[in-house]
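# Descriptive structure summary
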Amino acid sequence: MDAANSCPPLVLIEWLDSGQPVPGWQWLEQIEPRRPHLCVSVGFLMQDDATAKVLAPNLGASNGANDWDQASGVITIPASAVQRMLAVSPLPDTAPNGVGAATSSRP
């Protein structure tokens, strides 16, 4: 992120992942065909280059303002595994359900 600590773009990535390893020994003739798993991840795009797309679903500002200086849940997706990447639109200031970027309600 740049020095101004601006919020990175929010994206949705569809990508292919390997299947979970099957534990134990198997007879070769009993191994059924398998295929990669289609996954979807949403987060703030921390890195976007020819090798990897790095997403952080959570950002934090240790000073309590919009100075993002922390991330958690960071995932690295190989660029070659990406099927599609879409920008996610931010909520308008006032959404129909009363929740929006500029509103805050506490009981």
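The sections below set out a description of the structure shown in this document.

The rules we used
Residues numbered from 1 in each chain as written. Predicted model: local features only at pLDDT ≥ 70, side-chain atom pairs only at ≥ 80, totals over all residues. Heavy atoms only, no water. Helix = DSSP H or I, 4+ residues; strand = E, 2+ residues; numbered from the N terminus. Buried < 20%, exposed > 50% of the residue type's maximum accessible area, 1.4 Å probe, protein only. Contact = heavy atoms within 4.5 Å. Areas by Shrake-Rupley, 256 points an atom, 1.4 Å probe, with all protein chains shown as cover. Pairing = 2+ DSSP bridges. Axes fitted to C-alpha atoms, helices over the stretch in contact; angles between N-to-C directions.

### Things to note about the overall build of the protein chain
Across its full length, the protein chain holds zero helices and seven strands. Its helices and strands in sequence order give the protein chain the pattern β-β-β-β-β-β-β, from N to C terminus. A buried classification covers 21% of the 107 residues belonging to the protein chain. Looking at the protein chain alone, contacts between residues at least 24 apart form 53% of all its contacts between residues at least 6 apart. Of the accessible surface of the protein chain, which amounts to about 8,200 Å², a share of 55% is contributed by carbon and sulfur atoms.

### Thoughts on the sheet that holds strand β7 (residues 82-87)
Taken together, five strands build an open sheet; the order of strands is β6-β3-β2-β1-β7 and the sheet is antiparallel. Here the strands that pair on one side only, and so sit at the sheet edges, are β6 (75-78) and β7. Strand-to-strand twist in this sheet, taken as the mean axis angle between neighbours without regard to direction, amounts to 40 degrees. Alignment of strand β1 (residues 10-17) against strand β2 (residues 37-48), held across eight bridges, turns out to be antiparallel. Bridge pairing in β2 links L16 to L38.

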